[in-house]
Amino acid sequence: MKIQKASEDYLEAMLMMREKHGYIRSVDIAEQLGVTKPSVSYATKRLRENGYITMDKDGLITLTEKGMEIAERIYQRHQMLTAFLIRLGVDEQTAREDACKLEHDISQKSFDALCAHAQGTNEQ
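Model, not experiment: these values are computed from the prediction.

## Focus on the overall build of the chain
Okay, so step 1: The number of helices and strands found in the chain is six helices and two strands.
Okay, so step 2: Overall, the chain shows an N-to-C arrangement of helices and strands of α-α-α-β-β-α-α-α.
Okay, so step 3: For the chain, buried positions account for 35% of its 124 residues.
Okay, so step 4: Look at the contacts in the chain between residues 6 or more apart in sequence, and 55% of them connect residues 24 or more apart.
Okay, so step 5: Of the roughly 7700 Å² of accessible surface on the chain, a fraction of 50% belongs to carbon and sulfur atoms.
Okay, so step 6: Each charge class in the chain was averaged separately, 17 positive and 20 negative side chains, and the resulting centres sit 5 Å apart.

Written out as structure tokens, the structure reads:
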């Protein structure tokens, strides 16, 4: 399933908003991602058209099963990569920023290898 990096970022932010607030609003996404409300409006329109989200009459956003699958995958990658970089000695802020870049481009094979390595280092 190929999806643009920006769309992955939006879906991940939506998942984080849902976990934090119990609901997803465009204004919160704009604040989280540091983008304008019109940018969020454009992105949500495209995500809706592609079947990743739905919006109710009040503007509350719900991730579809397809959207949730992508959001959870990206969020899991972000958390694991952040933790791995911190264990390597990278400061938390840099680790978070770099994990955000890596989470989109790393292959599943390489990600799985990093996970296996990280688990192996935890057992020692």
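## Quick notes on the side chain of Glu-12
Okay, so step 1: Structurally, Glu-12 can be placed in helix H1 (residues 5–21).
Okay, so step 2: One buried charged side chain, Glu-12, makes no salt bridge at all; its nearest oppositely charged neighbour is Arg-96, positioned 8.6 Å away.
Okay, so step 3: Filtering out sequence-adjacent residues up to four positions away, Glu-12 remains in contact with Ala-71, Ile-74, Tyr-75, His-78 and Glu-103.

## Focus on the pattern of salt bridges
Any two side chains of opposite charge can pair, so long as their charged atoms come close to each other.
Okay, so step 1: In total, this model carries seven salt bridges according to the counting rule given.
Okay, so step 2: As a salt-bridge pair, Lys-45 and Glu-49 come within 3.2 Å of each other at their nearest N and O atoms. Placement of both Lys-45 and Glu-49 in helix H3 (residues 37–49) is noted, with a separation of four residues, approximately one turn of the helix.

## Overview of the packing of aromatic side chains
Where two aromatic rings form a pair, the distance of their centres and the angle of their planes describe that pair.
Okay, so step 1: Tallied over the entire structure, the rule returns zero aromatic pairs.
Okay, so step 2: Cation over ring: Lys-66 sits above Tyr-52, and NZ or CZ is 4.8 Å from the ring centre.
Okay, so step 3: The positively charged end of Arg-77 is found above the aromatic ring belonging to Phe-111, 5.0 Å away from the centroid.

## Let's talk about the nonpolar core
Okay, so step 1: Ranked by internal contacts, the top residues of the largest apolar core, which has 20 residues, are Leu-11, Met-14, Ile-29, Ile-53 and Leu-63.
Okay, so step 2: Mapped by element, the contributors of at least two residues to this core are H1, helix H2 (26–33), H3, strand S2 (61–63) and helix H4 (65–87).
Okay, so step 3: What Ile-29 contacts, discounting residues up to four positions off in sequence, is Tyr-10, Met-14, Met-17, Ile-24, Val-40 and Ile-61.
Okay, so step 4: Core analysis: the next-biggest nonpolar cluster, separate from the first, contains eight residues, Leu-81, Ile-106, Phe-111 and Cys-115 among them.

Conventions adopted
- Residues numbered from 1 in each chain as written.
- Predicted model: local features only at pLDDT ≥ 70, side-chain atom pairs only at ≥ 80, totals over all residues.
- Heavy atoms only, no water.
- Helix = DSSP H or I, 4+ residues; strand = E, 2+ residues; numbered from the N terminus.
- Buried < 20%, exposed > 50% of the residue type's maximum accessible area, 1.4 Å probe, protein only.
- Contact = heavy atoms within 4.5 Å.
- Areas by Shrake-Rupley, 256 points an atom, 1.4 Å probe, with all protein chains shown as cover.
- Lys, Arg positive; Asp, Glu negative; His and termini not counted.
- Charge placed at Lys NZ, Arg CZ, Asp CG, Glu CD.
- Salt bridge = Lys/Arg side-chain N within 4 Å of Asp/Glu carboxyl O.
- Phe/Tyr/Trp six-rings, centres within 6.5 Å; stacked < 30°, edge-to-face > 60°.
- Lys NZ or Arg CZ within 6 Å of the ring centre and 35° of its normal.
- Core = buried A, V, L, I, M, F, W, Y, C linked by side-chain atoms within 4.5 Å.

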